[in-house]
Amino acid sequence: MSETVQPFEAEVGRILDLVIHSLYKDRDIFLRELVSNASDACDKLRYQSLSQPELLEGESGFAITIRLDEAQGVLEIADNGIGMDRGDLVENLGTIARSGTARFLDAITGDNGQDMKLIGQFGVGFYSVFMVADKVIVRSRKAGDENVWLWASDGKSGFSVSEGETGAPRGTSIRLHLKEDAKEFLEEHRIRSIVRHYSDHIAFPIMLEVKGEEKAGDEESRTDQKAPEQINDGSALWARNRSEITEEQYREFYHHTAHAFDEPFARLHFTAEGTLSYTGLLFVPSQKPFDLYDPKRHHGVKLYVRRVFISDDVETLLPRYLRFVSGVVDSEDLQLNVSRETLQHGSVVARIRKVLVKRLLDELAKKARSDEAIEGDAAVAEDKADDAGETVSFENFWADFGAVLKEGLYEDRENRERILGFALFRSTRDQDWTDLAGYIERMKPGQDRIYYISGETVASLRNSPQLEQARARGVEVLLFDDPVDEFWLPEVGEHDGKAFVSLTRGDVDLSGIDGSDEDDGDKSESGIDDTGKLVARIKLALGDAVKDVRVSRRLTDSAVCLVADSAGMDMRLERFLKQHNQLDSLGGRVLEINAGHDLLKRMAVLADDESKGMELDELSHLLLDQARIIEGEPIPDPGAFSRRMSRYLAQAVAA
Ligand code: ADP
Ligand code: MG
């Protein structure tokens, strides 16, 4: 068996470099990582043994054992879980195709100082052992296998894998040869307190064994071993009484199950009893997971049946738009021995899902309300005691997760109103977020619709010419800048009896709304005797380039704007679909002109003069291109645009 050292994958090398060279202050997290892995390994085997009991080899009790050997300077952590064979060792401990570390790498900036801080935030799984050890030997025997494999590394040059002597117990043991400055981790009380702090929630017993002084001579009792002692609670956290669980325990449990290191934004812990009995412990993160938009991502809720881990892959347990939620659901009703596929489509999971969704959305609504309460009146901060520590505001949460939650508006008809109840939007009122209730409350007398405009960014939307009439009348307009808005708007249509109406489609008439401004008057209805003639001339000049030309009711300052036909799709949705190759071409646009604008007034004069036909054509094309630019649509012939533009600029400068 060759014992040649093979190098780590390049990224692993980089991580190790950071781990080893950073003087990380919470080095004790290495133990949390190892215990977490050991617990996962036990969960996996317990699940597999449901269908293959022989894998247990008669040993059905699971445990994690920490052994301290002061004389050797070695800390060992062993589990009797699933174990790893040669391939697993190379794959799992030599590459980074795994959650925790991949996330870390994603966040790495290249700036060493910054990156060292990240180690603290993310944890780097198994590799954190090299913060405290300069030699690590993993010995593992996979359940059901005879072969024992050894993986060894100094965390620098690479790792070697070799075959070990047969006869080792099932599972994995990891021996850390502690660095000179890490000997504190041989102290019994230190280990006890670390385990209590980070790993008390682990559902398997964690045993501590302290190897005593060597006694010379006497072969029989060379070491005087103390009896192993259990140092964690060892019961599933979610099955304990809520009042007996501390914030810290909840937090550590979240970090363990979600592979996350942020402060949870919201937590739900409940037990349902009745036709179905189950316990749920769910967490909503406060920091956006790096893969939130990865199509492969689904929620992180693990399914247990009577405390036995079944699967972290029952996709149907939560809808896609709640894919940032993690935690545990433990059912009393399901059969232990059913396949994931059967579970996935069974009625029990469907019924549990319904309740989970409702509870989660209600909790978010509560969060939104308590945010408002805090803003409005500092004294009304409602039952804060139930919330997990310091975390972000609902607005900040929404900024990161709102776009995902809005997917629920078209995917989950049943809960649409729940989501709309706390959804936040930008508006022309000010820079703040608003909810729909706030918008509706501020509606003008005579206004019975919710006006919006959608585009690429809120900043550019604020300058849209299509807003001018609304602004002049003091009508508030919602600004939608998430691509997902294009999908739910047509589905949802209205809220609280008020239709959502786009200001960039069709002919929107705000004249029935009682504007508060003195001179809200229709500036656009002005100055030109025969608008019909001007419109006809521009139409003639532009030909097929536009679907129609008409006098605008929405412009007060800008000369022109583009809008979609009332029967057509919203312009932005069209552009979005075209970008994603779902549409061959954009539909025809309607060019709206501002009859009150000086330029249009002069053009009206030109329209009366036969000899100025050419000039009118040129100006019409310039106006259309200008409207396209404002709208963010491509100019089909930029060369022609630039020639025309330069000619008029030259004239203006010469004059
Ligand atoms: P993560 O836990 O985020 O996947 P780690 O670096 O902690 O990343 O662990 C890497 C992988 O190594 C695990 O996903 C698991 O497959 C394997 N592994 C680590 N420790 C053990 C163990 N004690 N028993 C079995 N497999 C393990
Ligand atoms: Mg891990």
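Below is a summary of the structure that appears in this document. Keep in mind that this is a model prediction, so the values were computed, not measured.

A few words on the pattern of salt bridges. According to the stated counting rule, one finds 50 salt bridges in the structure shown. Residue lysine 211 is joined to aspartate 69 by a salt bridge in which the shortest nitrogen-to-oxygen separation is 3.8 Å. Residue lysine 211 is found in strand E7 (residues 206-211), and its partner aspartate 69 is found in strand E1 (residues 64-69); the two are separated by 142 residues along the sequence. Here arginine 267 and glutamate 247 are joined by a salt bridge, their closest N and O atoms 3.0 Å apart. In this pair, arginine 267 sits in strand E9 (residues 266-272) while glutamate 247 sits in helix H7 (residues 247-258), placing the two residues 20 residues apart along the sequence. Overall, the relative accessible area of 10% leaves arginine 267 in the buried class. Judged by its relative accessible area of 29%, glutamate 247 is partly exposed. One salt-bridge network, held together by shared partners, links Glu456, Glu574, Arg575, Arg589, Glu631 and Glu633.

Read across the open sheet, the 5 strands follow the order E9-E10-E13-E11-E12; overall the sheet is mixed. Both edges of this open sheet fall to E9 and strand E12 (308-311), since each of them pairs with a single strand only. Taking each pair of neighbouring strands and ignoring which way they run, the sheet shows an average axis angle of 20°. Pairing analysis gives 7 bridges linking E9 to strand E10 (residues 278-284), with the strands arranged antiparallel. The partner of alanine 272 across the bridge, within E10, is tyrosine 278. Across the sheet, helix H2 (residues 29-51) touches strand E11 (300-305) and E12, and the angle it forms with E12 is around 80°.

A few words on the nonpolar core. Within soluble globular proteins, side chains that are nonpolar generally end up buried alongside one another. By size, the foremost hydrophobic cluster in this structure holds 74 residues, and its most contacted members are Leu322, Phe324, Leu405 and Tyr451. For this core, the element with the highest residue contribution is helix H9 (residues 347-376), accounting for 10 residues. Those residues in contact with leucine 405 that lie beyond four places of it in its chain are Tyr321, Leu322, Phe324, Leu361, Leu364, Phe397, Trp398, Ile419 and Phe422. Counting 58 residues, the second-largest nonpolar core is a separate cluster that includes Leu75, Phe126, Tyr127 and Trp151.

What counts, and where the lines are drawn
- Residues numbered from 1 in each chain as written.
- Chains lettered and ligands numbered in written order.
- Predicted model: local features only at pLDDT ≥ 70, side-chain atom pairs only at ≥ 80, totals over all residues.
- Heavy atoms only, no water.
- Salt bridge = Lys/Arg side-chain N within 4 Å of Asp/Glu carboxyl O.
- Helix = DSSP H or I, 4+ residues; strand = E, 2+ residues; numbered from the N terminus.
- Buried < 20%, exposed > 50% of the residue type's maximum accessible area, 1.4 Å probe, protein only.
- Pairing = 2+ DSSP bridges.
- Axes fitted to C-alpha atoms, helices over the stretch in contact; angles between N-to-C directions.
- Contact = heavy atoms within 4.5 Å.
- Core = buried A, V, L, I, M, F, W, Y, C linked by side-chain atoms within 4.5 Å.

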